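What follows is each chain in one-letter form.
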Amino acid sequence: MTASSVEQLRKEGNELFKCGDYEGALAAYTQALDLGTATAQDQAILHRNRAACHLKLEDYSKAETEASKAIAEDGGDVKALFRRSQALEKLGRLDQAALDLQRCVSLEPRNRAFQEALRSLAGQIQEKVRYMSSTDAKVEQMFQILLDPQEKGTEKKQKASQNLVVLAREEAGAEKIFRSNGVPLLQRLLDTGEADLMLAALRTLVGICSEHQSRTVATLSVLGTWRVVSVLGAESQAVSLAACHLLQVMFDALKEGVKKGFRGKEGAIIVDPGRELKVLIGSLLELLAEAGVSAQGRDHALGLLIKVVPRKSPKDPDNSLALWVIDQGLKKILAVGGALQEPAGELAVTANSRMSASILLSKLFDDLKCDAERENFHRLCENYIRSWFEDHGLAGKLRAIQTVSCLLQGPCDAGNRALELGGVMESVIALCASEREEEQLVAVEALIHAAGKAKRASFITANGVSLLKDLYKRSDKDSIRIRALVGLCKLGSAGGTDFSMKQFAEGSTLKLAKQCRKWLCNDQIDAGTRRWAVEGLAYLTFDADVKEEFVEDKAALKALFQLSQSEERSVLFAVASALVNCTNSYDYEEPDPKMVELAKYAKQHVPEQHPKPPPSPGQAELRAGPGEEAAGRGRGVRHDVHGEDGEPRDDQLLPGAAVQALLPLALEGTDVGQTKAAQALAKLTITSNPEMTFPGERVYEVVRPLVSLLHLNCSGLQNFEALMALTNLAGISERLRQKILKEKAVPMIEGYMFEDHELIRRAATECMCNLAMSKEVQDLFEAEGNDRLKLLVLYSGEEDELLRRAAAGGLAMLTSLRPSLCSRIPLVTTHWLEILQALLLSPSQELQHRGAVVVLNMVEASREAAGALMESEVLEILSVLAKGAEGPVSKAAAACLGKAVEYGLIKPNQDGE
């Protein structure tokens, strides 16, 4: 490229600028600069022109930067100086803009445009000076009124506080308050203890700290972090809520700084905002355990921790903040979750406190990335529960059981493990028979929460039903009876809408629901107790008969809506759950007959709907809820590309024509159309050769629709077919594998490897086995701190032969391509030798071959691994396999033994074998 090209591009940019195409002109000027052949003068002109484009596009920061580059090349460039002054004026830096304009006037004193601009700017500067001076006076006057003891309670003082808050909402006003020694004066307002003055101070501080990191850090430094956090525990609800808002604003300012890094003047005075963030979180954790803190303040602290601590997305690899909170404050969170509301303990709590603690614990647990981190969480929880259970008598046992209830509502894995601690379940059952109401309440609630957890459900069903029935019949306290009834309701509806899993005889749930409705309508019972009746109905309304009777009971519905006005979140959740069940707000998806057959073949449980006969035509319109109507209309409806059996109609659509019609629909149709078309493409990919069905580049267009079927809003059959189709594509070429990776399918495929359904889990494992041929997937398995390799090893020992075949194939491939993984196999599970031996001894030749290849890869990778294998029964198994019929298994076994001889681990016998 030559200088003429630069000139040509500059002229092209000028023409585009004249036509109003500022982005096109900017691109032309940029292209000219990128040629690298422009002279210093040309560069100055191009940067100056780019500044003009940015001014037109209202990107004043970039306009200033480009004009400064032009001035650096040519200090006397008047146009560049003028354009920089325009950008600086828009950015609010009037003093700097004036300097540039004065320079312009000195270079061209007769230029009227420069003179007019300078006069206008001078007027703006004078106006700003007047405003700032008047603002100074206003700020000083407002603080004088607010801090004057003689003005206590006057209208003048109230107006001054309102004006201060309004002024702080504007950036100029907030900066003026801050620079006028405002923070120490606001501290004096906080120290007065008067609710009105404290509210004014807190709301003013919100304006000062909002979206400004340096002012936030300075404010915390002046006030003291603990002083700010302690206001959260004030008895006044309004003050506590205002302090909560201030802390949220401070967190936002600090986290924004941590994310963006340090730049300019702000960064120069901040040592480490991440440190300030931890100090603030640490103070909130300390507040949780403070005895004198108000109950609503403790709830606000939990709410802030829920918002601030966990990662916003699992894609962010850094969960260090959650780990730090677990180490520093898990016991304090558990202390709130285990605190008793009645009788009041040393920690004041509300009806929402335990639920908030459960949510925070659940979010922290979900933020953990590996088994070691989860094991540490379990250990800390169990040690805390043991410390209360074993060392503090009956009161300690109550605290421990209450803490277990909190965990069962949050991270239920931790709650299940806590239930299995020695003596915990026995104490729950024993306390159910206590004479004291508060002890019974704690025990019965723990029993109710335990009944919903899979690991304990069978135990509760066998031993808890009779106990709950006994409590319901003999207790003379409504608070105990109603909780026992909820436990029975929960056990009675353990199968949800699956009629085949009902625990009680037909008609029992109707009797339970009738008693719940009776309590719900009883105005003499307090709202806190009546909400348990709603909780029971939330479980029972899965039953069609219960639902029908409930929606016809006007008194019960009226009482339900009255309770919905409660401020307790647990009450609102129970009301919402009951209403969702009654209105069928969850769409019912008709199961695909083929998927049902697959499930039966795989001996999976198939849910059954309630065998309630359909209503007569006259009643259908009245009794069918919106969800039922929609489900009824949808039955039997098939997409045009399917026949009556759901398969593509080969007699009407040839594969080529089908693909031509389906691809545009799958990429650009409606939501339903995209899903149906993607599923049809998946069927074609499974039942035919993809390279023949999707010739040329078309095969790559199929990947995105197939990946869309992996989302959670799709049915199990759609997930299964998508995984099978992607497995076929991933086995064709590296380019197709890269396309699947680019569509971000790997995390979703990994998720389905944990699916309960056997067929879906197997299909996901097979897909991952094919994807493992790509370097990027191999890197994922090799990365530190993940359990991917462990999962493949464990699946290689499952009973399902096809799942074992897929997992063992993936393991063989990975250990061949990445020998470093071989040394990690013994570390992922203590059962690794048993799994490899089972593969080698399998009657299936394919499994034997995969097992032999994995062993060979381990032997070749390191002498240590080879030694561990040769010291076990693997040596004897390999010796037998090596003497078998000639084939890939015997060859791999012989190669293993040969390598062991080479290492000197074993010696050949006299026959040379």
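Residues numbered from 1 in each chain as written. Predicted model: local features only at pLDDT ≥ 70, side-chain atom pairs only at ≥ 80, totals over all residues. Heavy atoms only, no water.

Asker: Help me understand the overall build of the protein in this model?
Answerer: Assigned secondary structure in the protein consists of 52 helices and 0 strands. Here the protein, with 913 residues, has 49% of them falling under the buried criterion. Taking as baseline every contact in the protein between residues at least 6 positions apart, the subset at least 24 positions apart corresponds to 66%. Within the structure as shown, the protein displays about 45400 Å² of accessible surface, and the carbon and sulfur contribution to it stands at 51%. (Helix = DSSP H or I, 4+ residues; strand = E, 2+ residues; numbered from the N terminus. Buried < 20%, exposed > 50% of the residue type's maximum accessible area, 1.4 Å probe, protein only. Contact = heavy atoms within 4.5 Å. Areas by Shrake-Rupley, 256 points an atom, 1.4 Å probe, with all protein chains shown as cover.)

Asker: Quick question: what am I supposed to make of helix α30 (residues 554-563) here?
Answerer: Given 3.6 residues per turn, any residue in an α-helix points the same way as the ones three and four places further on. Among all positions in α30, only Ala556, Ala559, Leu560 and Leu563 are buried. Looking straight down α30, one finds its buried side chains confined to an arc of 105 degrees; they lie on one side. The outward face of α30, more than 90 degrees from its buried face, is lined by the exposed residues Lys554 and Lys558. Between the side-chain oxygen of the N-cap and the backbone nitrogen of Ala555 there are 3.3 Å, and the N-cap of α30 in question is Asp553. (Arc of directions from axis to C-beta. Polar contact = N/O pair within 3.5 Å; in protein donor to acceptor, adjacent residues only side chain to side chain.)

Asker: I would appreciate a short explanation of the packing of helix α45 (residues 788-795) against helix α46 (residues 801-817) in the present structure.
Answerer: Helix-helix packing is characterised by the crossing angle of the two axes and by the distance between the axes. Running from N to C, α45 and α46 point in directions that differ by 135 degrees, and their axes come no closer than 8 Å. Looking at the two axes, α45 sits oblique to α46. Crossing hand, α45 versus α46: left-handed. Contact residues: α45 offers Leu789, Leu792, Val793 and Tyr795, while α46 offers Leu803, Arg804, Ala807, Gly810, Leu811 and Leu814. Of the residues belonging to the contact of α45 with α46, the class tally is 8 nonpolar, 1 polar and 1 charged. (Axes fitted to C-alpha atoms, helices over the stretch in contact; angles between N-to-C directions. Parallel < 35°, antiparallel > 145°, perpendicular 65-115°, else oblique. Left-handed = near helix turned anticlockwise from the far one by under 90°. Nonpolar A, V, L, I, M, F, W, Y, C, P; charged D, E, K, R; others polar.)

Asker: Explain the nonpolar core to me, please; I cannot follow it from the model alone.
Answerer: Burial of nonpolar side chains together is a common tendency in soluble globular proteins. One finds Ile281, Phe377 and Leu520 to be the most contacted residues of the largest nonpolar core, which totals 125 residues. Among the elements that take part in this core, helix α14 (residues 237-260) stands out by supplying 10 residues, more than any other. With near-sequence residues (within four places) excluded, Leu520 lies in contact with Arg530, Ala533, Val534, Leu537, Phe550, Ala556, Ala559, Leu560 and Leu563. Grouped together as the second largest cluster of nonpolar side chains are 89 residues, Ala666, Ile760, Leu771 and Leu847 included. (Core = buried A, V, L, I, M, F, W, Y, C linked by side-chain atoms within 4.5 Å.)

Asker: I keep staring at the environment of Gln515 and nothing clicks. Help me out?
Answerer: Residue position: Gln515 is located in helix α27 (residues 508-520). Placed 33 residues apart in sequence, Gln515 and Ile482 show a C-alpha to C-alpha distance of 9.0 Å.

Asker: Looking at this structure, I do not really get the confidence of the model for the protein. What am I missing?
Answerer: Low-pLDDT stretches of the model should not have their predicted coordinates read in fine detail. Looking at the protein, the pLDDT average stands at 77 and 80% of residues meet or exceed 70. Contacts for the low-pLDDT stretch residues 259-270, under 50 throughout, to residues beyond four places or in other chains number 13 contacts. Confidence drops under pLDDT 50 across residues 613-654; counting only partners more than four residues distant or on other chains, this segment forms 40 contacts. (pLDDT = per-residue confidence, 0-100.)

Asker: Help me understand the pattern of salt bridges in this model?
Answerer: In the structure shown here, the tally under the stated rule is 32 salt bridges. With a shortest N-O distance of 3.0 Å, Glu375 and Arg417 are connected by a salt bridge. With a gap of 42 residues between them, Glu375 in helix α20 (residues 371-391) and Arg417 in helix α22 (residues 412-419) connect regions that are remote in the sequence. Owing to a relative accessible area of 41%, Glu375 belongs among the partly exposed residues under this scheme. The residue Lys683 makes a salt bridge to Glu721 at a minimum N-O spacing of 2.9 Å. (Salt bridge = Lys/Arg side-chain N within 4 Å of Asp/Glu carboxyl O.)

Asker: Hey, could you run me through the environment of Ser816 in this one?
Answerer: For Ser816, the position within the fold is in helix α46. With a relative accessible area of 41%, Ser816 lands in the partly exposed category. Between the C-alpha atom of Ser816 and that of Ala861, which follows or precedes it by 45 residues, the distance is 9.3 Å. Apart from the residues within four sequence positions on either side, Ser816 is in contact with Val853 and Asn857.

Asker: Looking at this structure, how should I read unusual backbone geometry?
Answerer: Working note: non-glycine residues mostly have negative phi, and peptide bonds are mostly trans. Even without being a glycine, Glu58 presents a positive backbone phi close to 65 degrees. Along the chain, Glu58 turns up in the loop between α3 (40-56) and α4 (60-73). The phi dihedral of Glu211 is positive, around 55 degrees, even though this residue is not glycine. Among the structural elements, Glu211 can be located in the loop between α11 (195-209) and α12 (213-223). Judged by relative accessible area, which is 78%, Glu211 ranks as exposed.

Asker: I would appreciate a short explanation of the environment of Val707 in the present structure.
Answerer: Mapped onto the fold, Val707 is located in helix α39 (residues 703-708). Val707 sits in the buried class, given a relative accessible area of 5%. Measuring from C-alpha to C-alpha, the distance between Val707 and Leu723 comes to 8.4 Å, with 16 residues separating the pair along the chain.

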